[in-house]
Amino acid sequence: MIINHPILGPRDSAEFTYMGDAALLDRPDWQAKDALLQFIDYGYLRDNPAGPHTELWYHEQGDRSFLVITRDTTTHEISSVKLASDVARGRGRSK
Amino acid sequence: MRYSGLRVIKEALTGHKGWKPTWRDATPQNHYDFLVIGGGGHGLATAYYLARNHGAKKIAVIEKGWIGGGNVGRNTTIVRSNYLLDGNEPFYEHSLKLWEGLEQDLNYNAMVSQRGILNLVHSDAQRDAFTRRGNAMILNGADADLMSTKDIQKRYPFLNVTDARFPIKGGLAQHRGGTVRHDAVAWGYARAADQLGVDIIQNCEVLGFRIESGKCLGVETSRGYIGASKVASCVAGSSGRLMAKAEMRLPIESHVLQAFVTEGLKPILPGVITFGAGHFYCSQSDKGGIVFGGDLDGYNSYAQRGNLPVVEDVCEGAMAIFPMLGRVRLLRMWGGIMDMSMDGSPIIDQTHIDSLYFNGGWCYGGFKATPASGWCYAHLLATDTPHEFATAFRFDRFAKGQNDR
Ligand SMILES: Cc1cc2nc3c(=O)[nH]c(=O)nc-3n(C[C@H](O)[C@H](O)[C@H](O)COP(=O)(O)OP(=O)(O)OC[C@H]3O[C@@H](n4cnc5c(N)ncnc54)[C@H](O)[C@@H]3O)c2cc1C
């Protein structure tokens, strides 16, 4: 699998460590009333779709950036690659 | 029809005209008492034990493809009960005991071969961990044997115990472990279930659930609607995508695991060996092929094929302990979709939807669990209480922080 890194260009996926569903970017608010329930969902439950899946890949053997990648779990076709920091900022986060 | 040696001789002398299909090709009825989704090992075993242990009637197993085409027909066939935790070990030991009597019970040759499994030790810390595990196994009534390098040399003279890259310092053996012919397990359970009146319906994919006021009434399938008093999901790697149709999110990710088999060789490997300094395990099939595997590919996948980096990694493991395999040709490699649970343990439980039950999360080790999984799932379905060996396999363990049991 080749991942087209936004800064470094096409890289072998073996350089990366898979970090799971990109929903993990959206950590629940720990002060919310139902924080406990939200964290159980966040920690343990997954959509696990057969089809497009948005997920985190960590470029461990490269520039150590986190990427948000949309990949089809039935074909491994990658349709989008973004820097996770850009995605997080796009959602109004500081980093 | 019962199978026996006499029967084989009689059929051989009469032109093999007397054999019947191993199971009926059933057409779906309108309504069943128990509807098991998924004709893998676990689904077929569940149906069989529902009929045999609980005298249940009107049972069907529905399978989207052909039975045995899923993981039960793709795995590396290793059975063992060398688990550590109290929540697991009695369950897996029950399973191993069921394997030991399976062929008599089913009247089917599943080629159960208790050739032994050896987990190699390469460091002091690993020996400590395996000593602890062996003791836990013995406490739960299983067998365990901490082998010295001398013992290992006797049984496996080709293992390098002197100057290998990862020196072998001993091993934990379970001599009752071994291998079972994988598809014969599916066929044997299918035949035995069929003989007890279970409908096995192939080419019938579940497309959705009919759920009204929090109760599951049946399933929509590619062959029409089928009603059921109890619906039992048992689809292993497809759990995520099936249960999504009931709007359930699971503590499970689907991942691909690859397996490999070489050309046939003369008998060189009498038992099952696992490498302790990398992820690699292997055995030799009765046809002579070396069957081996290693790590998951490591990312969510519903594609039943893997990628090359893991092939390389697995073959490196092979070369580290069996350099003699270097010139053997690989015959086939394939992948299966694993239902990886968040804590590595399975789930056999009711769902929050009435009459809808769930069995899954077997990770890469559910083949050995097949008999006990069917046994305990049938118990749950028939009695609405968890079987004593499966009380830890509940959905709520994650919320309760009990997922270390
Ligand atoms: C490469 C590999 C090696 C392995 N090695 C071992 C090993 O050495 N030892 C061990 O203990 N375990 C091993 N396993 C794990 C083991 O194979 C599985 O955990 C176990 O087989 C899963 O249970 P099953 O047999 O019921 O699954 P499956 O055989 O996968 O059965 C599930 C069935 O459900 C069907 N299905 C899915 N969706 C639907 C639907 N919507 N409608 C109807 N039917 C549906 C599928 O077609 C399939 O036939 C290995 C797995 C793999 C892939």
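Residues numbered from 1 in each chain as written. Chains lettered and ligands numbered in written order. Predicted model: local features only at pLDDT ≥ 70, side-chain atom pairs only at ≥ 80, totals over all residues. Heavy atoms only, no water.

### Some words on the packing of helix α2 (residues 41–54) of chain B against helix α3 (residues 89–106) of chain B
The description of two packed helices rests on the angle between their axes and on the distance between the axes.
All names here are of chain B.
Okay, so step 1: Where α2 meets α3, the axes come as close as 14 Å, and the angle between the chain directions of the two elements is 75 degrees. Taken together, the axes of α2 and α3 are roughly perpendicular relative to one another. Residues Tyr 48, Tyr 49 and Arg 52 of α2 pack against Leu 98, Leu 102, Asp 105 and Leu 106 of α3.
Okay, so step 2: Counted by class, the contact of α2 with α3 contains 5 nonpolar, no polar and 2 charged residues. (Axes fitted to C-alpha atoms, helices over the stretch in contact; angles between N-to-C directions. Helix = DSSP H or I, 4+ residues; strand = E, 2+ residues; numbered from the N terminus. Parallel < 35°, antiparallel > 145°, perpendicular 65-115°, else oblique. Contact = heavy atoms within 4.5 Å. Nonpolar A, V, L, I, M, F, W, Y, C, P; charged D, E, K, R; others polar.)

### Examining the pairing of strand β9 (residues 206–212) of chain B
All names here are of chain B.
Okay, so step 1: Pairing geometry for β9 and strand β10 (residues 215–221), over 6 bridges, is antiparallel. Counterpart to Phe 209 in the pairing with β10 is Val 219.
Okay, so step 2: Joining the antiparallel neighbours β9 and β10 is a turn of 2 residues, in which Ser 213 adopts a positive phi near 45 degrees. (Pairing = 2+ DSSP bridges.)

### Focus: the site of the ligand
All names here are of chain B.
Okay, so step 1: Around the ligand sit 38 residues in total, of which Glu 63, Asn 71, Val 72, Thr 76 and Lys 368 are the nearest.
Okay, so step 2: At 3.1 Å, a backbone N or O of His 42 approaches an oxygen atom of the ligand.
Okay, so step 3: Note that an oxygen atom of the ligand is positioned 2.6 Å from one of the side-chain N or O atoms of Glu 63.
Okay, so step 4: Considered on its own, the ligand offers 1000 Å² of accessible surface; in the complex 95% of this is hidden by protein.
Okay, so step 5: Among the elements of the structure, α2, β12 (252–264) and β16 (330–341) are those that each provide at least two residues to the shell around the ligand.
Okay, so step 6: Considering each element in turn, the shell around the ligand owes the most residues, 3 residues, to β12.
Okay, so step 7: Looking at side-chain class alone, the shell around the ligand contains 18 nonpolar, 15 polar and 5 charged residues.
Okay, so step 8: Structurally, the shell around the ligand is a two-domain feature, drawing no fewer than three residues from each of domain 1 (22–78 + 182–251 + 345–400) and domain 2 (113–180 + 253–341). (Near = heavy atom within 4 Å. Polar contact = N/O pair within 3.5 Å; in protein donor to acceptor, adjacent residues only side chain to side chain. Areas by Shrake-Rupley, 256 points an atom, 1.4 Å probe, with all protein chains shown as cover. Domains from an automatic or database assignment.)

### A look at the pairing of strand β4 (residues 117–121) of chain B
Residue and element names in this part refer to chain B.
Okay, so step 1: For β4, the tally of buried residues reaches 5 of 5 residues, placing the bulk of the element in the interior.
Okay, so step 2: Side chains of β4 alternate between two faces, with Ile 117, Asn 119 and Val 121 and Leu 118 and Leu 120 buried alike.
Okay, so step 3: Bridge analysis of β4 against strand β6 (residues 170–174) gives 5 bridges, and the strand direction is antiparallel. Across the sheet, Ile 117 pairs through a bridge with Gln 174, a residue of β6.
Okay, so step 4: As paired elements, β4 and strand β13 (residues 272–275) share 3 bridges and run parallel to each other. By the bridge assignment for β13, Asn 119 is matched with Thr 274. (Buried < 20%, exposed > 50% of the residue type's maximum accessible area, 1.4 Å probe, protein only.)

### Details of the interface of chain A and chain B
Okay, so step 1: Each side of the interface is counted separately: chain A has 22 residues, and chain B has 22 residues.
Okay, so step 2: Interface of chain A and chain B: buried area, both sides summed, is about 1900 Å²; carbon and sulfur atoms make up 52% of it.
Okay, so step 3: If you sort the residues of chain A by the area they bury against chain B, Tyr44(A), Arg46(A) and Asn48(A) come out on top, with a joint share of 34%.
Okay, so step 4: Between Asp47(A) and Arg249(B) there is a salt bridge, with its nearest N and O atoms 2.6 Å apart.
Okay, so step 5: Scanning the region where chain A abuts chain B turns up 10 residue pairs in polar contact (both at pLDDT 80 or more).
Okay, so step 6: Looking at the side of chain A that touches chain B, the elements with two or more residues in it are β3 (17–21), α1 (35–44) and β4 (52–58) of chain A.
Okay, so step 7: Among the elements that make up the side of chain A that touches chain B, the one with the highest residue count is α1(A) (4 residues). (Buried area = accessible area lost by both parts, 1.4 Å probe. Salt bridge = Lys/Arg side-chain N within 4 Å of Asp/Glu carboxyl O.)

### Examining the domain arrangement of chain B
All names here are of chain B.
Okay, so step 1: We note that the domain assignment places domain 1 (22–78 + 182–251 + 345–400) and domain 2 (113–180 + 253–341) within chain B.
Okay, so step 2: Inter-centroid distance (C-alpha atoms) of domain 1 to domain 2 is 30 Å.
Okay, so step 3: Each partner contributes to the interface: domain 1 provides 22 residues, whereas domain 2 provides 22 residues.
Okay, so step 4: By the criterion of area lost to domain 2, the three top residues of domain 1 are Arg 74, Ile 78 and Tyr 364, representing 35% of everything that side buries.

### Some details on the side chain of Thr370(B)
All names here are of chain B.
Okay, so step 1: Structurally, Thr 370 is set in helix α9 (residues 370–383).
Okay, so step 2: Among the residues examined, Thr 370 registers a relative accessible area of 1% and is labelled buried.
Okay, so step 3: Dropping the residues within four chain positions of it, Thr 370 is found in contact with Gly 41, His 42, Ala 45, Ser 95, Trp 99, Val 185 and Tyr 189.

### Some points on a negative patch on the surface
All names here are of chain B.
Okay, so step 1: A cluster of acidic residues, Asp 295, Glu 312, Asp 313 and Glu 316, forms a negative patch at the surface.
Okay, so step 2: Among the elements that make up the negative patch, the one with the highest residue count is helix α8 (residues 308–321) (3 residues).
Okay, so step 3: Along the polypeptide, Asp 295 turns up in strand β15 (residues 289–300). (Patch = residues over 30% accessible without salt bridge, like charges linked within 9 Å, V, L, I, M, F, W, Y side chains within 5 Å. Lys, Arg positive; Asp, Glu negative; His and termini not counted. Charge placed at Lys NZ, Arg CZ, Asp CG, Glu CD.)

### Comments concerning the sheet that holds β15(B)
Residue and element names in this part refer to chain B.
Okay, so step 1: Read across the open sheet, the 8 strands follow the order β5-β6-β4-β13-β14-β15-β12-β16; overall the sheet is mixed. The sheet is open, and its two edges are formed by β5 (145–147) and β16, each paired on a single side. Taking the axes of each pair of neighbouring strands and ignoring which way they run, one obtains an average angle of 25 degrees across the sheet.
Okay, so step 2: The sheet strands contacting helix α4 (residues 124–139) are β4, β5 and β6, and the helix crosses β4 at an angle near 150 degrees.

### Some remarks on α4(B)
Residue and element names in this part refer to chain B.
Okay, so step 1: Here α4 contains 16 residues, and its C-alpha end-to-end distance of 23 Å stays within 8% of the 22 Å for a straight helix at 1.5 Å per residue.
Okay, so step 2: All buried positions along α4 are accounted for by Gln 126, Phe 130, Gly 134, Ala 136 and Met 137. Take α4 and look down its axis: the buried residues cluster within an arc of 160 degrees, on one side only. Every exposed residue of α4 that faces more than 90 degrees away from the buried side is listed here: Asp 124, Ala 125, Asp 128, Arg 132 and Leu 139.
Okay, so step 3: Close packing links the buried residues of α4 with α3, β4 and β6.
Okay, so step 4: Just downstream of α4, Gly 141 is the residue with a positive phi angle, here 85 degrees. (Expected span 1.5 Å × (residues − 1). Arc of directions from axis to C-beta.)

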